[in-house]
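Structural characterization, general
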Amino acid sequence: MIIVKDLHKKFGNLEVLRGVSCHIKEQEVVCVIGPSGSGKSTFLRCLNRLEEPTSGEIIIDNIQVTGEKTDINQVRREVGMVFQRFNLFPHLSAVQNIMLAPLKVRKTPKKEALEISEELLDKVGLSDKRDAYPDQLSGGQQQRVAIARALAMKPRVMLFDEPTSALDPEVVGEVLGVMKTLAKEGMTMTVVTHEMGFAREVGDRVLFMDEGLFVEEGSPAEIFNNAQHERTKAFLSKIL
Amino acid sequence: MRWDFVLEILPKLGKASILTLELTVVGIGIGIVLGLVSSLLRISKIKPLDLIAKLYVDFFRGTPLLVQIAIIHYALPVIFGYIPVALVSGIAALGVNSGAYVSEIFRAGIQSIDRGQMEAARSLGMTWGQSMRHIILPQAVKVSIPPLGNEFIALLKDSSLVSIIAVEELMTTGRLIMGKTPRVAEIWFSVALLYLILTSTIALFVNYTERRLQTGDNR
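I will try to describe carefully the structure that is included in this document. The structure displayed is predicted, hence computed values, not measured ones. (Residues numbered from 1 in each chain as written. Chains lettered and ligands numbered in written order. Predicted model: local features only at pLDDT ≥ 70, side-chain atom pairs only at ≥ 80, totals over all residues. Heavy atoms only, no water.)

Some remarks on the overall build of chain A
- Helix and strand content of chain A: 9 helices and 10 strands.
- Against the 2.2 N^0.38 benchmark of 18 Å for 240 residues, chain A shows a C-alpha radius of gyration of 18 Å, consistent with a compact globule.
- Taking the principal axes of the C-alpha coordinates as reference, chain A spans close to 55 × 45 × 30 Å.
- Residues classed as buried in chain A amount to 58% of the 240 residues present.
- The long-range share in chain A, meaning contacts at least 24 apart out of those at least 6 apart in sequence, stands at 65%.
- Total accessible area computed for chain A in this model is approximately 10,300 Å², and 45% of it derives from carbon and sulfur atoms. (Helix = DSSP H or I, 4+ residues; strand = E, 2+ residues; numbered from the N terminus. Rg over C-alpha atoms; globule rule 2.2 N^0.38 Å. Buried < 20%, exposed > 50% of the residue type's maximum accessible area, 1.4 Å probe, protein only. Contact = heavy atoms within 4.5 Å. Areas by Shrake-Rupley, 256 points an atom, 1.4 Å probe, with all protein chains shown as cover.)

Below you can see the structure in the form of structure tokens.
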């Protein structure tokens, strides 16, 4: 589903990704963990080219993401993204946030877009917040709307960039709950996260990144109970 | 002060202030269109377009409006060989001049919007243009309203400068009356009062717009 080959990303002289490769299968939930500054978010943002890779190859759903001729907007329709800081559109209500992209990008008729949006609001448990503006919602509610907004494009893949890092502890659970449901439904998901509990419970595979490389990968059990690399062990000992 | 004289000249000055207001409104209208285009060119990251817009903004902000009026009314007709019409020259000068200021107002407004907004819009598959139109500009225009209001008021006062090419707006009308009577004080205090009424009205209108836009989205 997602194939990454020898991905490099430099910011000036700083090489943030130093040759990253991986293969994410359909319906797989992959959690990327690692210390801050290790390149996790940059890796994720390269997948839909919010960051332009310096070199390397990315293929999502048989579409070449990297390359001059790629229509990146075409790719992004199929790749939903959820941000750490939600990035809801503050001048639009919850339901308008969700239906905007289907209307403008997919050219979905208004009635249908509205139906999709209301279904999704229901799915994330926020039917009663349909007409609320982002600043009237709590962080957890905003992030759930943001997930619904990404889902409205019916993406083939969902990317989550530390979706719970900006949330108060007591609302982290409601967002993880929505993500768990998605995973159960078979959505292909790549999640950059510090929520080890989520990675352990929901992840099919865990990738440990450090200093711009995937140092170790394996099932959650392998990584959390029986890490092989010193750096993985050192990282896990600090956070578990 | 002779109040009966003030009352006598007020209708004439009042009529002239309508032309002043019209000049300013059309000028700011042109300015908003030019400013929007120019600000988008400036942030487009397409170097030649950015450069053209930057030259435009720097020229019109860096030279006196009085000189710009003279160039448009006297110099350009010589170069391009046409007969200038004072009203048209005046409006054009006010328009291109305010366009340069409005360009910077919009640019600041656009840049004040969190980068995450553009990223979120693009991540949904929207093009740069769609993201600008539906996400960035609605928010940028809102934060630009107060400085736009200031520009509107500044332009109204600056519109007095078109009197040098004899557009019969408020300032020119004051001067014409002065030529026929020795009652100088009455004339210029009346002119000042009318400008004050115009600028206060605009300030009220801007405040109202600002408050109306705030309801429903209290960021």
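Some remarks on the sheet that holds strand S9 (residues 205–210) of chain A
All names here are of chain A.
- The strand order across the open sheet built from 6 strands is S6-S7-S8-S3-S9-S10, with neighbouring strands paired in mixed fashion. With partners counted over all chains shown, the strands left at the sheet margins are strand S6 (79–82) and strand S10 (213–218), one partner each. On average, each strand axis in the sheet is inclined to that of its neighbour by 20 degrees, with strand direction left out of account.
- As paired strands, S6 and strand S7 (residues 157–161) are joined by 4 bridges and run parallel to one another. Note that in S7 the partner of Gly80 across the bridge is Met158.
- In this fold helix H9 (residues 230–239) packs onto strand S3 (29–33), S9 and S10, with an angle of close to 100 degrees to the strand it touches most, S9. (Pairing = 2+ DSSP bridges. Axes fitted to C-alpha atoms, helices over the stretch in contact; angles between N-to-C directions.)

What to know about the interface of chain A and chain B
- Across the boundary between the two partners, chain A contributes 27 residues, which contact 22 residues of chain B.
- Here chain A meets chain B over a buried area of about 2,000 Å², counting both sides, of which 56% is carbon and sulfur.
- For the chain A face of the interface with chain B, the top three residues by lost area are Phe89, Pro90 and His91 of chain A, together amounting to 25%.
- Summed over the shared surface of chain A and chain B, the number is 2 salt bridges.
- Of the charged contacts, one joins Arg45 of chain A and Glu119 of chain B as a salt bridge, the two residues approaching to 2.7 Å between their closest N and O atoms.
- The interface formed by chain A and chain B holds 7 residue pairs in polar contact (both at pLDDT 80 or more) in total.
- When residues of the side of chain A that touches chain B are traced back to their parent elements, those giving at least two are helix H2 (72–78), S6, helix H3 (94–104) and helix H5 (139–151) of chain A. (Buried area = accessible area lost by both parts, 1.4 Å probe. Salt bridge = Lys/Arg side-chain N within 4 Å of Asp/Glu carboxyl O. Polar contact = N/O pair within 3.5 Å; in protein donor to acceptor, adjacent residues only side chain to side chain.)

Some words on the sheet that holds strand S5 (residues 63–64) of chain A
Residue and element names in this part refer to chain A.
- Pairing is antiparallel in the open sheet, where 4 strands are placed in the order S2-S1-S4-S5. The sheet terminates laterally at strand S2 (14–24) and S5, the two strands that pair on one side only.
- Relative to S5, strand S4 (residues 55–60) runs antiparallel, the two sharing 2 bridges. Bridge pairing links Ile59 to Gln64 in S5.
- Where helix H1 (residues 40–47) meets the sheet, it contacts strand S1 (2–11), S2 and S4, and its direction lies at approximately 120 degrees from that of S1.

A short note on the environment of Pro84 of chain B
Residues and elements named next belong to chain B.
- Mapped onto the secondary structure, Pro84 falls in the loop between helix H3 (65–80) and helix H4 (86–111).
- Taking the C-alpha atoms as reference points, Pro84 and Ile197, separated by 113 residues in sequence, lie 31 Å from one another.
- Discounting chain neighbours no more than four positions away, the residues touching Pro84 are His73, Pro77 and Ser89.

Quick notes on the environment of Met178 of chain B
- Looking at the secondary structure, you find Met178 of chain B in helix H7 (residues 170–178).
- Excluding its chain neighbours within four sequence positions, the residues that come into contact with Met178 of chain B are Val184, Ile187 and Trp188 of chain B.

Quick look at the packing of helix H5 (residues 115–123) of chain B against helix H6 (residues 128–158) of chain B
All names here are of chain B.
- Relative orientation of the contacting elements H5 and H6 amounts to 145 degrees, with a least axis distance of 9 Å. Viewed along their axes, H5 and H6 form a crossing whose handedness is right-handed. Residues Gln117, Met118, Ala121 and Arg122 of H5 form the contact with H6, whose participating residues are Trp128, Ser131, Met132, Ile135, Ile136 and Gln139.
- For the contact of H5 with H6, the class distribution of residues is 6 nonpolar, 3 polar and 1 charged. (Left-handed = near helix turned anticlockwise from the far one by under 90°. Nonpolar A, V, L, I, M, F, W, Y, C, P; charged D, E, K, R; others polar.)

Things to note about the side chain of Thr66 of chain A
Residues and elements named next belong to chain A.
- Mapped onto the fold, Thr66 is located in the loop between S5 and H2.
- Note on Thr66: relative accessible area 11%, which makes it buried.
- Here the side chain of Thr66 touches Ile58 through a polar contact of 3.2 Å, landing on its backbone nitrogen.
- When neighbours within four sequence positions are excluded, Thr66 is seen to be in contact with Arg49, Pro53, Gly56, Glu57 and Ile58.

Details of the packing of aromatic side chains
- Enumeration over the complete set of coordinates arrives at 4 aromatic pairs over all chains.
- Geometrically, the ring pair formed by Phe43 of chain A and Phe214 of chain A is edge-to-face, given 5.1 Å between the ring centres and 80 degrees between the ring planes. Of the two residues, Phe43 of chain A sits in helix H1 while Phe214 of chain A sits in strand S10, which places them 171 residues apart along the sequence. With respect to burial, Phe43 of chain A and Phe214 of chain A carry one shared label: buried.
- Look at Phe59 of chain B and Phe60 of chain B: their rings are 5.0 Å apart centre to centre, the planes differ by 85 degrees, and that puts the pair in the edge-to-face class.
- A relative accessible area of 14% means that Phe60 of chain B is categorised as buried.
- Cluster of aromatic residues (ring-pair linked, three or more members): Tyr56, Phe59 and Phe60 of chain B.
- Above the plane of the ring of Phe11 of chain A lies Lys9 of chain A, whose end atom (NZ or CZ) is 4.8 Å from the centre. (Phe/Tyr/Trp six-rings, centres within 6.5 Å; stacked < 30°, edge-to-face > 60°. Lys NZ or Arg CZ within 6 Å of the ring centre and 35° of its normal.)

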